[in-house]
Amino acid sequence: MITRTRLAAGTCALLAALAAGLAFPAGAVAGEPTGEDAPKVDLVLDVSGSMRTRDIDGGTRMAAAKQAFNEVLDATPEEVELGIRTLGADYPGDDRRTGCKDTAQLYPVGPLDRTEAKTAVATLAPTGWTPIGPALLKAADDLDGGAGSKRIVLISDGEDTCAPLDPCEVAREIAAKGIGLTIDTLGLVPNAKMRQQLSCIAEATGGTYTSVEHTDELTEKVNQLVDRAADPVVTPVATRGADSCAKAPTLKSGLYTDRAEFGAQRWYRVDVAPGRELRASVSVGADRAVNPSHGVLLRAVTAHGREIVRGEAAGDGRTDVLSTGLRYPKAEGGSDDDPTEAVCLQVTHSFSVASGVKTTPGLPLELTVDVVDGPSGADDVASFGLGRGWWLLGVLVLVGFLAGLLWGWLSRWRFAVWRTN
């Protein structure tokens, strides 16, 4: 198995960069940092009527949001292009159709003028509805274009009031576009229903959900998310696995995304030279409602179909992502001219959906491939099934044997002294 750290990294990238199934040339270099495009962040703020409620540090939720925004604007890194979008800020009436269109770009995404942005925030007053779904769609348009990282930070104190445009489904649609956009959500004084909805939005794109009940918590979390946007981003390469080993695309070390269809297999090929080790992991995410019991299988087989090693994992519906991995060290050859070995990776999953749930496109899949120098000696491979702990067991056996001899000798000596006396 590859390390948990590797698996976790693959899991966090999985839903952040879902592919729509478009195949790129297999020879493309995967996992390279994005270009010089500036990272972009769109802060989406709920300005609905409920933001007048006074339950955050003795003040209104709106006052807490404004204070947090002012501090975040002061701390935004120079390289980050930041924008602000509102929802429910302009229409105070009761017409639902009009209220569900109430989203506007308060400050355009681009180089930040702190004074202008703060002035715009100061004019906000709690007003109308909570059209989260429409606001997310518009925010995705705000961030369209460029290869840099893209992040939406949604701050709301209530669930969407504009169903049937389900904001969770909107987030899944955004993720399926494969534009690498992450949505993080923050719930102000949340209830169970709001928590569930905001969590679903975040999970659909690989983002995070945080509940907030104090102004300093809000400021700290938004700052963290804005700073995270400035971190170097690894962009997965979209590929398309084949239905057999013979037709599989050849992958180099890197990060790849695909769609795993229900009831089907995905095959990929990796060349492994003598003295090298293949490390691979796969993560399959449930971007729609699935039945509780499911599993993921990753097999490494030879070109002739003989299984080399496998990794598997089972789930019970508690998480939306299931991951597993494997390692295959290829022994050194007898000479420098020994050929590389074509290893085929087979990915199979047993996710299933209830009647009426769409099965197309397949579930988002992320495959991590790494070919590294092979292990040397017992320091990196299992020995007698004990890994690196074999020597400790040997020491304990030896110490136990010597202690037994000493105890036996002392017992015989004491018995002899007793008989003599």
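From a predicted model like this one, the values you see are computed outputs, not experimental measurements. (Residues numbered from 1 in each chain as written. Predicted model: local features only at pLDDT ≥ 70, side-chain atom pairs only at ≥ 80, totals over all residues. Heavy atoms only, no water.)

(A) Broad picture of the packing of helix H2 (residues 61-75) against helix H4 (residues 114-122). At a minimum axis distance of 10 Å, the contact between H2 and H4 shows a crossing angle of 175°. The angle between H2 and H4 places the two elements in the roughly antiparallel class. Along its contact with H2, which presents Lys66, Phe69, Asn70, Leu73 and Asp74, the element H4 presents Arg114, Ala117, Lys118, Val121 and Ala122. Looking at the contact of H2 with H4 residue by residue, the classes come out as five nonpolar, one polar and four charged. (Axes fitted to C-alpha atoms, helices over the stretch in contact; angles between N-to-C directions. Helix = DSSP H or I, 4+ residues; strand = E, 2+ residues; numbered from the N terminus. Parallel < 35°, antiparallel > 145°, perpendicular 65-115°, else oblique. Contact = heavy atoms within 4.5 Å. Nonpolar A, V, L, I, M, F, W, Y, C, P; charged D, E, K, R; others polar.)

(B) Spotlight on the side chain of lysine 150. If you trace the backbone, lysine 150 turns up in strand E6 (residues 150-156). Although lysine 150 is buried, it makes no salt bridge; aspartate 144 carries the closest opposite charge, 6.5 Å away. Once residues within four sequence positions are removed from consideration, lysine 150 is found in contact with Lys40, Leu143, Gly145, Ile179, Gly180, Leu181 and Thr182. (Buried < 20%, exposed > 50% of the residue type's maximum accessible area, 1.4 Å probe, protein only. Lys, Arg positive; Asp, Glu negative; His and termini not counted. Salt bridge = Lys/Arg side-chain N within 4 Å of Asp/Glu carboxyl O.)

(C) Region of the structure containing the environment of tryptophan 267. Among the structural elements, tryptophan 267 can be located in strand E11 (residues 265-272). Once residues lying within four places of it in the same chain are set aside, the contact partners of tryptophan 267 are Gly241, Ala242, Asp243, Ser244, Cys245, Ala248, Pro249, Arg299, Val301, Cys344, Leu345 and Gln346. Within the structure, tryptophan 267 has its side chain in polar contact with the side chain of glutamine 265 (distance 3.2 Å). (Polar contact = N/O pair within 3.5 Å; in protein donor to acceptor, adjacent residues only side chain to side chain.)

(D) Main features of the nonpolar core. Counting 32 residues, the largest nonpolar core has Leu43, Leu45, Ile155, Leu186, Leu218, Val222 and Val226 as the members making the most contacts within it. Residue assignment for this core shows that the elements contributing at least two residues are strand E1 (40-46), H2, strand E4 (81-87), H4, E6, strand E7 (181-188) and helix H8 (215-229). No other element matches the seven residues that H2 contributes to this core. Excluding residues within four positions of it along the chain, isoleucine 155 makes contact with Val44, Leu45, Asp46, Phe69, Leu186, Leu188, Leu218 and Val222. Counting residues in hydrophobic clusters, the runner-up holds 27 residues, among them Val270, Leu278, Leu326 and Leu345. (Core = buried A, V, L, I, M, F, W, Y, C linked by side-chain atoms within 4.5 Å.)

(E) Broad picture of the packing of H2 against H8. The geometry of H2 relative to H8 is characterised by a closest axis approach of 9 Å and an angle of 35° between their N-to-C directions. Like other packed secondary-structure pairs, H2 and H8 cross with a definite hand, here right-handed. Every residue of H8 that contacts H2 at Ala64, Ala65, Gln67, Ala68, Glu71, Val72 and Ala75 is listed here: Thr215, Leu218, Thr219, Val222, Asn223, Val226 and Asp227. Across the contact of H2 with H8, the residue classes break down as eight nonpolar, four polar and two charged. (Left-handed = near helix turned anticlockwise from the far one by under 90°.)

(F) Examining the confidence of the model for the protein more closely. Residues of the protein with pLDDT of at least 70 account for 85%, and the chain-wide mean is 82. Low pLDDT (under 50) marks residues 1-35, which in the prediction has 101 contacts with non-local residues, meaning those over four places away or in another chain. (pLDDT = per-residue confidence, 0-100.)

(G) Just the state of the cysteines, in detail. In the structure shown here, the tally under the stated rule is three disulfides. Between the sulfur atoms of cysteine 100 and its disulfide mate cysteine 162 the distance is 2.0 Å. Measuring the twist about the S-S bond at about -100°, one finds the cysteine 100-cysteine 162 disulfide to be left-handed. Here cysteine 162 lies in the loop between E6 and helix H6 (167-176) and cysteine 100 lies in the loop between helix H3 (96-99) and strand E5 (103-110), a separation of 62 residues in the sequence. There is no split in this pair, since cysteine 100 and cysteine 162 are both buried. The disulfide partner of cysteine 168 is cysteine 200, and the gap between their sulfur atoms is 1.6 Å. Because the sign of the S-S torsion sets the handedness, a value of about -45° for the bond joining cysteine 168 and cysteine 200 places this disulfide among the left-handed ones. Remark: cysteine 200 occurs in helix H7 (residues 192-204) and cysteine 168 occurs in helix H6; sequence separation between them is 32 residues. Given the relative accessible area of 5%, cysteine 168 is considered buried. If the cysteines joined by disulfides in the protein are listed in sequence order, their pairing comes out as 1-2, 3-4, 5-6. (Disulfide = S-S within 2.5 Å.)

(H) Layout of the sheet that holds strand E17 (residues 363-373). The sheet built from five strands is open, its strands ordered E9-E10-E17-E12-E15 with mixed pairing. Every interior strand has two partners, whereas the edge strands, strand E9 (237-238) and strand E15 (321-329), have only one. Both strand E10 (residues 254-260) and E17 contribute to a ladder of seven bridges, which runs antiparallel. Across the sheet, residue arginine 259 finds its bridge partner in E17, namely proline 364. (Pairing = 2+ DSSP bridges.)

(I) Molecular detail of the side chain of lysine 221. Relative to the helices and strands, lysine 221 is located in helix H8. Buried charged residue lysine 221 carries no salt bridge. Nearest counter-charge: aspartate 184, at 6.5 Å. With residues up to four places along the chain from it excluded, the contact list for lysine 221 reads Leu186, Thr208, Thr210 and Arg228.

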